[in-house]
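A look at the structure
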2 protein chains.
Amino acid sequence: MNQIYSLGIDIGGTNTDIGLVNGTGTVISRTNLKTFQYNDPQLYVNDIVKAIKELTKDILPEKITGVGIGAPAANYYTGSIENATNLNMKGIIPLRTMIQEQLPFQVVVTNDANAATYGEMIYGGAQGMKHFMMFTLGTGIGSGIVIDGNLVYGYDGLAGEMGHAILIPEGRPCGCGNKGCLEKYASSSGIVANCLELMPQYPDSILTSYPYNEMTGKTIADAAKVGDALAIATYERTGYLLGIALANAVTFSSPEAIFLMGGPIQAGDVFLDPIKRSFLKHKLFIYDREIPILLSSLHENDVAILGAAALTR
Amino acid sequence: MNQIYSLGIDIGGTNTDIGLVNGTGTVISRTNLKTFQYNDPQLYVNDIVKAIKELTKDILPEKITGVGIGAPAANYYTGSIENATNLNMKGIIPLRTMIQEQLPFQVVVTNDANAATYGEMIYGGAQGMKHFMMFTLGTGIGSGIVIDGNLVYGYDGLAGEMGHAILIPEGRPCGCGNKGCLEKYASSSGIVANCLELMPQYPDSILTSYPYNEMTGKTIADAAKVGDALAIATYERTGYLLGIALANAVTFSSPEAIFLMGGPIQAGDVFLDPIKRSFLKHKLFIYDREIPILLSSLHENDVAILGAAALTR
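Residues numbered from 1 in each chain as written. Chains lettered and ligands numbered in written order. Predicted model: local features only at pLDDT ≥ 70, side-chain atom pairs only at ≥ 80, totals over all residues. Heavy atoms only, no water.

A closer look at the pairing of strand S10 (residues 141-147) of chain A
Residue and element names in this part refer to chain A. Our working rule: Throughout, exposure labels follow a simple rule: accessible area from a 1.4 Å probe, protein chains only, divided by the maximum for the residue type, with under 20% read as buried, over 50% as exposed, and the rest as partly exposed. Only DSSP runs of H or I covering at least 4 residues are called helices, and only runs of E covering at least 2 are called strands; the numbering of each starts at the N terminus. Whether two strands pair comes down to DSSP finding at least two bridges between them.
With seven of seven residues buried, S10 is to be regarded as a mostly interior element. Residues Ile141, Ser143, Ile145 and Ile147 line one face of S10 and the alternating positions Gly142, Gly144 and Val146 line the opposite face, and both faces are buried. Turn length for the strand S9 (residues 132-137)-S10 hairpin, with the two strands adjacent in sequence and antiparallel, is three residues. Bridging between S10 and strand S11 (residues 150-151) involves two bridges; their strand directions are antiparallel. When the bridges of S11 are listed, Ile147 appears paired with Asn150.

Here you go:
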């Protein structure tokens, strides 16, 4: 068998995961950098290149299809990270060019949600689907859209930012400068905010004993697991709002299915059931077929690495 | 020159406009049926076929590329009109098959907004654009989306229904069964509703002398032209809301430009200026380029005919 390899890099605000992926989509070796320790893009790139050389030292260069990178605020067309709000390295970082200079492989850069979406299409539950979308829930909300089997990049490479579609006009202030963005209601911090809003109605909740600065999505998920009424109401409210956002997204591209991934989804059915109920209630009647809400079938830590790597095939 | 011809049909609730289009995109002859007079799809199709035969009687069949049809609630994949709410002919109408049976040309069916969008791309202001979207404002709001130079149809042929994206959760009841759809705020009836909502604040407005059943978008546009404060505030409010919806749409596919067409747009700058202001205010900061809001450059009566005809090329 003519084995080929690719490198997939998943850049997050905390970690940079670098994986060597074989031709069947398995991460066969991996390493990690601490993204937040870097202020200088050149030093960061140098360490990425060093890690790649180490991972590939036993492989013939012609067996390597390239380096795929999923990064926050990354632009597929320019290959740059553009003003990422959650990195210590500021401004425009021409990542593709900088890595390309030091390596003989092709380098592809896309945003992290797009990389995850591509991973789902090539190796995950979206295999064979030509039309689907993915929402990645975490600190913020990212999204990736596939139409006719292709990732949607748009005119400038920055398509798929549905976490910043305004769900509640004049709603909660968002870091982007707008008010009422989806991610203020359904990201991990959005879930905490939903909980605080409901808290006065549930004085007996165990969550009332947590100060704000100790409350996370995990705290609320744990409370829901032991039947706490406030925690359950929080997911009910969050699911209701996210369900509307998913129904809205369907009016755009009428996908076959919608995938969800990320920390908040780990809460399980207490969150998923309200999402599905609200989605079904709000889905426009002309879409009179099931549009399943599915969880990513790939391991959270691997999906962006796999997707980024697959972009080089 | 090897002249070719196509037929374009624009089906609306009131009129069915049938046009013969030449190779350079001019409607060279046309005829009209009254859609609302038909309850029986077969009689309707028979009259369409009769009209087509009349329009093409002097043209060799091999010079005709086909018949393109833009219709409400039409599905590109199935070629059917599916449960159109504004036609007297109910249920599923397999329009493509029914016309195909009686004519030797290929028949293409798509929804009216998609036909207009395609017309704009082939003959109008979107020529050369690979990524744009169009919103058609009228009794309702339709939309068409072009990505990578292709109309987006989605999994089932029903993509591009952004008039039914929910703008105000739990807002005004919509005919679709949901509440708060964009079209309840920015269609012609939505504009009237916005006006009524603001009316008690403007007791001196000339519009206070109109009963509801005599008020139309035109009434309000005329009042705005003579400086009526309520009319101006109505467009300000409508533009504000539509601007949010356009900014939301950008987070999906990051288009090069957005086109608007339809009756309400005829109000002019009193409507367009607030749309543009709100769009600019709400456009996500990462799209740090101008995304122009443009008016369709084609004649309102022709654009869907031209677009439908072009679909057969």
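Now that the structure is up, let's keep going.
Focus on the sheet that holds strand S5 (residues 74-75) of chain B
Taken together, the three strands give an open sheet; going across it, the order is S5-S6-S7 (chain B), and neighbouring strands pair in antiparallel fashion. Because the sheet does not close on itself, it has two edges, and the strands there are S5 and strand S7 (92-93) of chain B.

Here's the deal with helix H5 (residues 188-198) of chain B
Filter applied, for reference: We call two residues contacting when some pair of their heavy atoms lies within 4.5 Å.
Where H5 of chain B is concerned, the buried positions are Gly190, Ile191, Val192, Asn194, Cys195 and Leu198 of chain B. Looking at the buried residues of H5 of chain B, the elements they touch are helix H4 (183-186), helix H6 (217-225), helix H7 (229-253) and helix H8 (269-282) of chain B.

Notes on the relation of the copies chain B and chain A
Short version of the rule: Alignment of copies: least-squares fit on C-alpha atoms of residues with pLDDT of at least 70 in both copies.
Overlaying chain B on chain A yields an RMSD of 0.0 Å, the required transformation being a rotation through 180 degrees with an accompanying axial translation of 0.0 Å. Expressed as a symmetry operation, the mapping of one chain copy onto the other fits a two-fold axis. Mapped onto chain A, 100% of the interface residues of chain B again fall at the interface, so both copies present the same surface.

Topic: the nonpolar core
Our working definition: Side-chain atoms within 4.5 Å link the members of a nonpolar core, which is a set of buried Ala, Val, Leu, Ile, Met, Phe, Trp, Tyr and Cys residues.
Ranked by size, the top nonpolar core spans 111 residues in total, and within it Phe135 of chain A together with Phe135 of chain B carry the most contacts. The leading source of residues in this core is H7 of chain B, at 14 residues. Not counting chain neighbours up to four residues away, the residues in contact with Phe135 of chain A comprise Ile141, Gly142, Ser143, Met162, Leu182, Leu246, Ala249, Ile258, Phe259, Leu260 and Met261 of chain A.

A few points about the sheet that holds strand S13 (residues 293-295) of chain B
All names here are of chain B. Spelled out, the test is: A fitted line through C-alpha atoms represents every axis, and for helices the fit uses only the stretch in contact; the resulting angles, taken between N-to-C directions, go from 0 to 180 degrees.
Overall, mixed pairing links the five strands, which are arranged S11-S10-S9-S12-S13 in an open sheet. Edge positions in the sheet fall to strand S11 (150-151) and S13, since each of these pairs with one other strand and no more. Each of strand S9 (132-137), strand S12 (257-261) and S13 is contacted by H8, which is oriented at about 155 degrees to S13, the strand it contacts most.

Considerations on unusual backbone geometry
Phi angles above zero are rare outside glycine, and Asn83 of chain A is one such case at about 55 degrees. Along the chain, Asn83 of chain A falls in the loop between strand S6 (80-82) and strand S7 (92-93). Even without being glycine, Ser254 of chain B reaches a positive phi, approximately 45 degrees. As for its placement among the helices and strands, Ser254 of chain B is situated in the loop between H7 and S12.

With respect to the interface of chain B and chain A
Which entries qualify depends on this criterion: Accessible area that two parts lose when put together, with a 1.4 Å probe and added across both, is what the buried area reports. By salt bridge we mean one thing: a side-chain nitrogen of Lys or Arg within 4 Å of a carboxyl oxygen of Asp or Glu. Residue classes follow a fixed rule: Ala, Val, Leu, Ile, Met, Phe, Trp, Tyr, Cys and Pro count as nonpolar, while Asp, Glu, Lys and Arg count as charged, and any other residue, Gly among them, counts as polar.
Chain B puts 43 residues into the contact, and the matching count from chain A is 43 residues. Buried area between chain B and chain A, summed over both chains or domains, comes out near 3,700 Å², and the portion from carbon and sulfur atoms is 63%. If you sort the residues of chain B by the area they bury against chain A, Tyr155, Ile166 and Phe252 of chain B come out on top, with a joint share of 20%. Across the chain B-chain A interface, the total number found is two salt bridges. Ionic pairing is found between Asp156 of chain A and Arg289 of chain B, a salt bridge with its closest N-O pair at 2.8 Å. Listed by contribution, the elements that provide at least two residues to the side of chain B that touches chain A are strand S10 (141-147), H7 and H8 of chain B. Ranked by residues supplied to the side of chain B that touches chain A, first place goes to H7 of chain B with seven residues. For the side of chain B that touches chain A, the per-class residue count stands at 25 nonpolar, eleven polar and seven charged.

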